[in-house]
Amino acid sequence: MLVTSLDQAEESAWLAALRATIPAEELVPANGVTDPARFDVAIVANPRPEQLAPFAALRFVQSLWAGVEKIVSNAALPLDVPLARLIDPTMSQTMAEAVAAHVLALHRNHPHYRRAQNARRWDEAAMVPAHARAVAFLGTGELARASLALLAHLGFERLAWSRAPRPIDGVRTFAGHEGLRAMLAQTDILVNLLPLTPATRGIVDGRLLSALKPGAALVNVARGGHVVDADLLAALDAGQLGEAVLDVFHDEPLPPDHPFWAHPRIQVFPHVAGPTDMVSAAAVAAANIRAFREGRPIIGLVDRGRGY
Ligand code: NAP
Ligand code: GLV
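Conventions we followed
- Residues numbered from 1 in each chain as written.
- Chains lettered and ligands numbered in written order.
- Predicted model: local features only at pLDDT ≥ 70, side-chain atom pairs only at ≥ 80, totals over all residues.
- Heavy atoms only, no water.
- Near = heavy atom within 4 Å.
- Helix = DSSP H or I, 4+ residues; strand = E, 2+ residues; numbered from the N terminus.
- Nonpolar A, V, L, I, M, F, W, Y, C, P; charged D, E, K, R; others polar.
- Polar contact = N/O pair within 3.5 Å; in protein donor to acceptor, adjacent residues only side chain to side chain.
- Areas by Shrake-Rupley, 256 points an atom, 1.4 Å probe, with all protein chains shown as cover.
- Buried < 20%, exposed > 50% of the residue type's maximum accessible area, 1.4 Å probe, protein only.
- Pairing = 2+ DSSP bridges.
- Axes fitted to C-alpha atoms, helices over the stretch in contact; angles between N-to-C directions.
- Contact = heavy atoms within 4.5 Å.
- Parallel < 35°, antiparallel > 145°, perpendicular 65-115°, else oblique.
- Left-handed = near helix turned anticlockwise from the far one by under 90°.

In this section: the site of ligand 1. Arg85, Thr140, Ala164, Arg166 and Tyr308 are the nearest of the 29 residues found near ligand 1. Looking at the shell around ligand 1, the elements that each hand over two or more residues are helix 4 (89-107), helix 6 (142-152) and strand 7 (157-162). Considered class by class, the residues forming the shell around ligand 1 number 15 nonpolar, 8 polar and 6 charged.

A separate point is the site of ligand 2. In the neighbourhood of ligand 2, the contacting residues comprise Trp65, Ala66, Gly67, Met91, Arg223 and His271. Contacts to ligand 2 include Arg223, whose side-chain N or O atom sits 2.7 Å from an oxygen atom. Coverage of ligand 2 by the protein chains reaches 88% of its 200 Å² of free accessible surface.

To continue, consider unusual backbone geometry. In this structure, Pro253 follows Glu252 across a cis peptide bond, with omega equal to -5°. Tracing the sequence through the fold places Pro253 in the loop between strand 11 (241-246) and strand 12 (266-268). The phi angle at Asn109 is positive, at roughly 65°, despite the residue not being glycine. For Asn109, the position within the fold is in the loop between helix 4 and helix 5 (110-118). Of note, the phi angle at His271 is positive, near 50°, even though the residue is not glycine. The exposure class of His271 is partly exposed, given its relative accessible area of 27%.

Right, let's talk about the sheet that holds strand 7 for a bit. Strand order in this open sheet of 7 strands is 8-7-6-9-10-11-12, and the pairing throughout is parallel. Strands with a single pairing partner mark the edges of an open sheet, and in this sheet they are strand 8 (172-175) and strand 12. The sheet shows a mean angle of 15° between the axes of neighbouring strands, direction not considered. Here 3 bridges tie strand 11 to strand 12, and the two strands are oriented parallel to one another. Its bridge partner lying in strand 12, Leu246 is registered against Val268. The sheet contacts of helix 4 involve strand 6 (134-138), strand 9 (189-192), strand 10 (216-220) and strand 11, and relative to strand 9 the element is tilted by about 160°.

The contact between helix 4 and helix 6 brings their axes to 8 Å, and the two run at 55°. With respect to their mutual orientation, helix 4 and helix 6 come out oblique. Crossing geometry of helix 4 relative to helix 6 is assigned as right-handed. Mapping the contact onto sequence places Met91, Ser92, Met95, Ala96, Glu97, Val99, Ala100 and Val103 in helix 4 and Glu142, Leu143, Ala146, Ser147, Leu150 and Leu151 in helix 6. Grouping the amino acids of the contact of helix 4 with helix 6 by side-chain chemistry returns 10 nonpolar, 2 polar and 2 charged.

Encoded structure:
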């Protein structure tokens, strides 16, 4: 028995996609369930605690998002219920496209030319070859590795940092506090693809930004909570940070009066770097639910202690 807790506007489309991939299971929306004890599996996006609270018999939760910080911190979900985040090749490909698009636009000075055009100024920027541009990643997970693989074809120097050392072919990898500082000092374009956890919240602060090469750029496609907004604005205004491309924010939608909207060196995207694709995500969820039923390993199990 499965119960879903999904975005209301999209719920019927999701139910159709999920029913097509898991026909053997009864699948119902969480809202309106009168006998919650019958349900042992939940498929969720970002459930509110009160949506999961009645489902005391849950034995497995599958997220349709890659980032699970809101589920990990959901007090209604007992700690011993296994939780899987979404690991979906379609999402990895989509995220890699977004990262490559942002990196190429920064590399080829698109924000500079947009500002020059707005001022009707013919203003050629210096040309830097891709091999002399160091693109560094915070995180070496599913989405960072897909992005690093796509960037390999474009010839950039590639660096990446993670909690534990993670060798990746052709990528200079770093770990730990000292590793982070060593990587930042060589970074022209920093791409954030960390999960939001107690250890990573606010990691992109004044200290981190001041450790980058002067004039470096930031691409944040992970979570708004990683960034200390005031420090980001200060670093941009001081010229320490050259450009910022932001896909995610503390509050989404980004409030109309937020200073990011009008800043000449910030480009705002409405959380669109790696959207969940219904068809592929439903297939991933179905495979995991079959694995759960048959006692086989589940893909993407979250370590609730680490928070990702
Ligand atoms: P993942 O596979 O879990 O990878 C996480 C990476 O972060 C791992 O390399 C991990 O290190 C590293 N990490 C975690 N905590 C760390 C710490 N304290 N210090 C250093 N490194 C740390 O995650 P993913 O699937 O790539 O997704 C990353 C995030 O992208 C998601 O959590 C979500 O927030 C965001 N996202 C955004 C969008 C969008 O549309 N903008 C779409 C999807 C996902 P280890 O390898 O050592 O464990
Ligand atoms: C989107 O941001 C996700 O975490 O899947």
